[in-house]
Amino acid sequence: MEADGTAGLKKPFWQKLLGSDNPNPGKFEDIGSDSRKIFMLDSFEGMRFEYQRGLSNSFGVSHILHLQPAQDNYGTYDFSANFSQGKHLLLSRTQTNGDVLARYILTATPNLTVQFQSQLTKAPHQSNAILTADYKGGDWFGQLKVGSFAQWGLSYLQSVTKNLAVGVDLTYLGRPPFNQMPMCISTVAARYSTERMVALAQLTSNARIQAAYVQRVKDNLTFGTEFTFDLGSRESTCAAGYEYSTPQGSFKTNLSSDGKVTSTFEKQLSEVSAVVLSAEVDHGKK
């Protein structure tokens, strides 16, 4: 009887603070990933072909060919090489304009991941490098960044309940390129999610409010809305969009209040190749 009575006692406050049965919320930078799939489409002119090939269990390459009807540039070609073995992952990409991107990811422990990324470009003051450390707790996720231009960042996302997560992000840039003034931006956010919907709200220190709502109507159909308001300029924009998947391909379209319509279509030809089409019309541009 005493054992049953002890089991029924509530946990002390410090135990509730240090751990809970709530799920891990993931990275703060991914808090709006559901809405970005609809409203941040990778639009482009022309046609793009993607091909991936695994040369071994650890090494693979990919090719991206982009053809576009431009007067100064008829197309681009990207070559990527990836290597994975155990806790180590190496990613690289080389573009025809001379840009090189390299990334190294080390899964030190099941909870700790360290990543180093470097980009070399011919554009002045644009080459950079950044070191990131991610730690995954039971019901929280923390991230620390240190990089070029005297940059550092810190973010933390906590699951308050099984459906609600709140977090904060702080980014400081001490020596921005082109002799700009140092800047510091902080962001607070809250996300409420269930199996079929996600609601998100964000407030930044530069007086910008953003809210989004995504609803999965069917397994292959998702609708979303997004609202952004600048407290300083009193300007606002809203958008609505959808994602529809069929055996023939995946369609994504969004329409914003400033008159811009963006659509993409992706057809997976095989496990290693795909064709992507894109279209964008800006009715508000004069």
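It should be noted that the structure appears before, not after, this text.
Computed from a predicted model, the values in this text were never measured in an experiment. Residue positions are counted from 1 within each chain, in the order its sequence is given. Restriction of local features to residues with pLDDT of at least 70 applies here, the model being predicted, together with a cutoff of 80 or more for giving and counting side-chain atom pairs; totals for whole chains, interfaces and linings are based on all residues. Excluded from the side-chain calculations are hydrogens and water; all other atoms, namely the structure's heavy atoms, are used.

Next up on the list: the overall build of the protein. Strands here mean DSSP runs of E at least two residues long; helices mean DSSP runs of H or I at least four residues long; both are numbered from the N terminus. Scanning the protein from terminus to terminus reveals 3 helices and 18 strands. Seen along its three principal axes, the alpha-carbon backbone of the protein occupies a region of about 80 × 50 × 45 Å. When each of the 286 residues of the protein is scored for burial, the buried share is 26%. Residue contacts are defined here by distance: any two heavy atoms, one from each residue, within 4.5 Å place the two residues in contact. Look at the contacts in the protein between residues 6 or more apart in sequence, and 27% of them connect residues 24 or more apart. For the protein, the exposed surface amounts to about 18500 Å²; the carbon and sulfur share of it is 58%. A simple rule labels every residue: compare its accessible area, found with a 1.4 Å probe on the protein chains alone, to the largest value its type can have, and call it buried under 20%, exposed over 50%, or partly exposed in between. For the accessible areas, the method is Shrake-Rupley and the probe is 1.4 Å, while residue cover comes only from the protein chains on display.

Between rings of Phe, Tyr and Trp, where Trp is taken as its six-membered ring, a pair exists when centres lie within 6.5 Å; planes separated by under 30 degrees are stacked, by over 60 edge-to-face, and by other angles tilted. With the rule as written, the count across this model stands at 5 aromatic pairs. Aromatic side chains phenylalanine 251 and phenylalanine 265 sit 4.7 Å apart centroid to centroid with 40 degrees between the ring planes, which places their arrangement in the tilted category. Of the two residues, phenylalanine 251 sits in strand β16 (residues 249–256) while phenylalanine 265 sits in strand β17 (residues 260–268), which places them 14 residues apart along the sequence. These aromatic residues form a ring-pair network of at least three members: Tyr135, Trp140 and Tyr156.

As judged from the 9 bridges shared by strand β9 (residues 151–159) and strand β10 (residues 164–173), these two strands associate in the antiparallel manner. Counted as the bridge partner of leucine 154 is leucine 170 from β10. For two strands to be treated as a pair, DSSP must find no fewer than two bridges joining them. Linkage of β9 to β10, two consecutive antiparallel strands, is achieved through a turn of 4 residues.

On to unusual backbone geometry. For alanine 150, which is not glycine, the phi torsion reads 55 degrees and is therefore positive. Take alanine 150: it is sitting in the loop between β8 (140–147) and β9. Even without a glycine there, the phi angle at arginine 234 is positive, about 65 degrees. As for its position among the elements, arginine 234 is in the loop between β14 (221–230) and β15 (236–246). Relative accessible area serves as the criterion here: at 61%, arginine 234 is assigned to the exposed category.

As for its placement among the helices and strands, phenylalanine 178 is situated in the loop between β10 and β11 (183–193). Phenylalanine 178 gets classed as partly exposed once you look at its relative accessible area, which sits at 48%. Each C-alpha atom, one on phenylalanine 178 and one on histidine 125, is 7.1 Å from the other, the two residues being 53 residues apart in sequence. Setting aside chain neighbours within four positions, we find phenylalanine 178 in contact with Pro124, His125 and Gln126.

Two distance rules govern patches: like charges are joined within 9 Å, and nonpolar side chains (Val, Leu, Ile, Met, Phe, Trp, Tyr) within 5 Å, applied only to residues with over 30% relative accessible area and no salt bridge. Just to be clear on terms, a salt bridge is a Lys or Arg side-chain nitrogen sitting within 4 Å of an Asp or Glu carboxyl oxygen. Counting rule for charge: Lys and Arg are taken as positive, Asp and Glu as negative, and neither His nor the chain ends is counted. The atoms used to mark charge sites are NZ of Lys, CZ of Arg, CG of Asp and CD of Glu. A cluster of like negative charges, contributed by Glu45, Asp258, Glu280 and Asp282, occupies part of the molecular surface. Topologically, aspartate 258 is positioned in the loop between β16 and β17. Owing to a relative accessible area of 43%, aspartate 258 belongs among the partly exposed residues under this scheme.

Our next topic: empty space enclosed by the protein. Buriedness for pockets is judged along seven lines, at least five of which must meet protein on both sides within 12 Å for an open set on the 1 Å grid over protein atoms alone, while cavities are sets there where a 1.4 Å probe fits but cannot get out, and lining residues have an atom within 4 Å of a point. Grid points are joined across faces, edges and corners, and a volume is the space filled by probe spheres set on the points. One pass over the structure, following the stated rule, counts 1 cavity of 30 Å³ or more. Taken as a whole, the largest cavity spans an internal volume of roughly 30 Å³. Taken together, Gly32, Asp34, Ser35, Val198, Ala199, Leu200, Ala212, Tyr213 and Val214 make up the lining of the largest cavity. Those elements that place two or more of their residues in the lining of the largest cavity are α3 (33–39), β12 (197–204) and β13 (208–218). Residues are sorted three ways: Asp, Glu, Lys and Arg are charged, Ala, Val, Leu, Ile, Met, Phe, Trp, Tyr, Cys and Pro are nonpolar, and all the rest, Gly among them, are polar. Of the residues assigned to the lining of the largest cavity, the class counts are 6 nonpolar, 2 polar and 1 charged.

Take the layout of surface pockets next. The volume enclosed by the largest pocket comes to roughly 1100 Å³. Around the largest pocket, the lining is made up of 43 residues, and of these Arg36, Met40, Arg208, Gln210 and Glu226 lie nearest the centre. Among the residues forming the lining of the largest pocket, the class breakdown is 16 nonpolar, 18 polar and 9 charged. Each pocket or cavity is described by its volume, and for the second largest pocket that value is around 240 Å³. Lining the second largest pocket we find 15 residues, and of these Gln115, Gln117, Ile130, Thr132 and Lys145 sit closest to its centre. When contributions to the lining of the second largest pocket are tallied by element, the ones reaching two or more residues are β6 (112–120), β7 (128–136) and β8.

Moving on, we get to a nonpolar patch on the surface. On the surface, a cluster of nonpolar side chains totalling about 540 Å² of accessible area is made up of Met47, Phe49, Leu65, Leu67, Tyr77, Phe79 and Leu277. For the nonpolar patch, the elements supplying multiple residues, two or more each, are β1 (47–54), β2 (59–67) and β3 (75–85). Inspection of the secondary structure assignment puts phenylalanine 79 in strand β3.

Remember that the coordinates give geometry; whether it matters functionally is a separate question.
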